[in-house]
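Residues per chain are reported as follows:
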Amino acid sequence: MTAPLAAYEPVTAGPAAIEKRPQERYVAPAKPSLVGLSREKLAQALGEAGVPERQRRMRVQQIWHWLYVRGAADFDMMTTLSKELRAELAQRFTLARPEVAAEQISADGTRKWLLRLPGESADRSHEVECVYIPETDRGTLCISSQVGCTLNCSFCHTGTQRLVRNLTAEEIAGQVVLARDRLNDWQRAAAPTGADPEKRLVSNVVMMGMGEPLYNFEAVRDGLAVVADGDGLSISKRRITLSTSGVVPNIARAGSEIGCMLAISLHAVTDELRDQLVPLNRKYPLRELLDACRNYPGVSNARRITFEYVMLKGVNDSLADARALVRLIRGIPAKINLIPFNPWPGSQYECSDWEQIEKFSGIVFDAGYASPVRTPRGRDILAACGQLKSATEKLSARERLALRAMAMTD
Ligand code: SAH
Ligand code: SF4
């Protein structure tokens, strides 16, 4: 069933709305995929396929290995299972990954996949992005948590989109499986224990694609648990960063229940400006947000919080802003990521001039923070995020550079 039109209306009517309601629910296909399932759900699925309870643990372990270490995309690869069981599983389930609607590859190896996810009705599918950003010391996969976003940040293209559905935990973990497939990364990723995890193409994950992950908490938590599982995809929690616009009550939960690294979309140093840029600030103002950061479970100099700051010309990029920024986060073990604003059709902002970004980052650097906007040239600095592109369009130089800024969370 398609959601009625009334459901598209913001929770608070009018331009000042902070949040919209999600409009659709996930409807599982008749033949579901086992990819992305947690151990518990996998055991349940095996039960449905008639695997006796006493065998389930062992079977889960075997299938887990095939799915997340070997990257099996066909039940027939699972040679440690009997032919009968493989046939039974193939009758009931698939090993489908999220469907790729379009792929863009840049000369430097950056790849962007547009994924097609099922909608509530068969005639309406959804699209989200997943981006792979290779760098010399790591390869970062940027994954999505929602179709669209219920929040309305004024500089973000995703925020202007109305249609929203939460991704399932399986769709979240499935993005990592898909990237390993597409990059032919399974063998490298499965290298014997002790092998350098940086040798893998996908060594890091950032939850900085479409959506607000802390508004889809359980699915994000469960999906990331599959991604971090040491007997499977095995991307350590220290290499997983979740970015939030500041859903304060769920920040502590992210620390204790997910245990990943945290990035905060700060973007402004006063409540007055942040209320405009990130309307969620009206619900959870700066003081509460920074308190949540100070108290983030596990935060330390070795596990710093990343503060993201999008550079908007004449809006938040003065040198006084830079000084206020370092004052504001004083005492919090932190890194600062300056993200060049990536304009989109109809956006009301411009990216700061490169010289201004350099001066701004100089102040941040002098205050003792690594200043990760390392791009040398001004013209092609900009970042990319949450912007669906047509299948034929190539990633622009500015998008690639912006993506890099976002990937630099270590
Ligand atoms: N919803 C989460 C995560 C997704 S957005 C959040 O807001 O943190 C990932 C990052 O890209 C956020 O810091 C976001 O503020 C930033 N961003 C959004 N639109 C942008 C744009 N047009 N240019 C540059 N950065 C942008
Ligand atoms: Fe949503 Fe993040 Fe975009 Fe804000 S910046 S609208 S929270 S995706």
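Source: prediction; values computed, not measured.

**Some remarks on the overall build of the protein chain**
Scanning the protein chain from N- to C-terminus turns up 12 helices and 11 strands. Taken over 410 residues, the protein chain has a buried fraction of 56%. Of the contacts formed within the protein chain by residues at least 6 apart in sequence, a portion of 66% connects residues at least 24 apart. With an accessible surface of roughly 17600 Å², the protein chain has 50% of that area assigned to carbon and sulfur atoms.

**A few points about the site of ligand 1**
Taken together, 20 residues are adjacent to ligand 1, and G211, S243, S265, H267 and N342 come closest. Measuring from an oxygen atom of ligand 1, one finds a backbone N or O atom of T244 at 3.5 Å. With respect to ligand 1, the side chain of E308 contributes an N or O atom lying 3.1 Å from an oxygen atom. Protein contacts shield 95% of the accessible area of ligand 1, which totals 540 Å² for the unbound molecule. Where the shell around ligand 1 is concerned, the elements lending two or more residues are strand 8 (240–244), strand 10 (305–311) and strand 11 (334–340).

**As for the pairing of strand 3 (residues 126–134)**
In terms of burial, strand 3 is a largely internal element, 8 of the 9 residues being buried. Summarising the sheet, strand 2 (residues 111–117) and strand 3 pair through 7 bridges and their orientation is antiparallel. Among the inter-strand pairings, L114 is bridged to a residue of strand 3, identified as E129. Judged from the 4 bridges that link them, strand 3 and strand 4 (residues 139–142) form a sheet pairing that is antiparallel. By the bridge assignment for strand 4, P134 is matched with G139. Adjacent in sequence and paired antiparallel, strand 3 and strand 4 are bridged by 4 residues.

**Focus on the sheet that holds strand 10**
Read across the open sheet, the 9 strands follow the order 1-2-3-4-7-8-9-10-11; overall the sheet is mixed. The open sheet has two edge strands, strand 1 (99–105) and strand 11, and neither has a second partner. Taken over all neighbouring pairs, the strand axes of this sheet differ in orientation by 20° on average, direction set aside.

**So, the site of ligand 2**
By nearness alone, every residue bordering ligand 2 is listed as C149, L151, C153, C156, G159, G211, E212 and S245. Split into classes, the residues belonging to the shell around ligand 2 amount to 4 nonpolar, 3 polar and 1 charged.

**Here we look at helix 10 (residues 319–328)**
Every buried residue of helix 10 is listed here: D321, A322, A324, L325 and V326. Its buried side turned inward, helix 10 meets strand 10, strand 11 and helix 11 (354–366).

**Digging into the packing of aromatic side chains**
One pass over the structure, following the stated rule, counts 3 aromatic pairs. Considering the side-chain rings of W64 and Y68, the 4.6 Å spacing of their centres and the 75° angle between planes classify their relative orientation as edge-to-face. Placement of the pair is W64 and Y68 together in helix 2 (residues 53–68), with a separation of 4 residues, close to one helical turn. In this pair, the class of W64 matches that of Y68, namely buried. The interplanar angle of 35° and the centroid separation of 5.2 Å between the aromatic rings of Y309 and F360 together place this pair among those described as tilted. Of this pair, Y309 sits in strand 10 while F360 sits in helix 11, and the two are 51 residues apart along the sequence. The exposure class assigned to F360 is buried, which follows from its relative accessible area of 0%. The positively charged end of R39 is found above the aromatic ring belonging to W64, 4.3 Å away from the centroid.

**Here we look at unusual backbone geometry**
A positive phi is found at S234, a non-glycine position, where the angle reads about 60°. Mapped onto the elements of the fold, S234 is located in the loop between helix 6 (217–228) and strand 8.

**A word on the layout of surface pockets**
The calculated volume of the largest pocket comes to roughly 610 Å³. Lining the largest pocket are 27 residues, and of these Y26, P29, P32, S33 and E170 sit closest to its centre. At the level of elements, helix 1 (39–48), strand 2 and helix 4 (169–182) are the ones that each hand at least two residues to the lining of the largest pocket. Classifying every residue of the lining of the largest pocket gives 13 nonpolar, 6 polar and 8 charged.

**Structural notes on the confidence of the model for the protein chain**
When pLDDT drops low, the exact placement of atoms in the prediction is not to be read closely. Confidence along the protein chain averages 86 in pLDDT terms, with 84% of residues attaining 70 or more. With pLDDT under 50 throughout, residues 1–15 is counted as low confidence; its partners more than four residues away or in other chains account for 22 contacts. Within the model, pLDDT remains below 50 along residues 374–393, and this stretch shows 67 contacts once partners closer than five positions in the same chain are excluded.

**Looking at the pairing of strand 10**
Of all the 7 residues making up strand 10, 7 are buried; the element is thus mostly covered by neighbouring parts of the structure. Across the two faces of strand 10 the burial is the same, with I305, F307, Y309 and M311 and T306, E308 and V310 all buried. As paired elements, strand 9 (residues 261–265) and strand 10 share 3 bridges and run parallel to each other. Of the residues in strand 10, the one forming a bridge with I264 is F307. Note that strand 10 and strand 11 share 7 bridges and pair parallel. Bridging from a neighbouring strand, I305 pairs with A334 of strand 11. Each parallel crossover has a hand, and for strand 10 linked through helix 10 to strand 11 it is right-handed.

About the thresholds
- Residues numbered from 1 in each chain as written.
- Chains lettered and ligands numbered in written order.
- Predicted model: local features only at pLDDT ≥ 70, side-chain atom pairs only at ≥ 80, totals over all residues.
- Heavy atoms only, no water.
- Helix = DSSP H or I, 4+ residues; strand = E, 2+ residues; numbered from the N terminus.
- Buried < 20%, exposed > 50% of the residue type's maximum accessible area, 1.4 Å probe, protein only.
- Contact = heavy atoms within 4.5 Å.
- Areas by Shrake-Rupley, 256 points an atom, 1.4 Å probe, with all protein chains shown as cover.
- Near = heavy atom within 4 Å.
- Polar contact = N/O pair within 3.5 Å; in protein donor to acceptor, adjacent residues only side chain to side chain.
- Pairing = 2+ DSSP bridges.
- Axes fitted to C-alpha atoms, helices over the stretch in contact; angles between N-to-C directions.
- Nonpolar A, V, L, I, M, F, W, Y, C, P; charged D, E, K, R; others polar.
- Phe/Tyr/Trp six-rings, centres within 6.5 Å; stacked < 30°, edge-to-face > 60°.
- Lys NZ or Arg CZ within 6 Å of the ring centre and 35° of its normal.
- 1 Å grid on protein atoms, 1.4 Å probe; cavity = no way out; pocket = protein on both sides within 12 Å on 5 of 7 lines; lining within 4 Å.
- Points joined across faces, edges and corners; volume = space filled by probe spheres on them.
- pLDDT = per-residue confidence, 0-100.
- Right-handed = clockwise from strand over helix to strand, strands pointing away.

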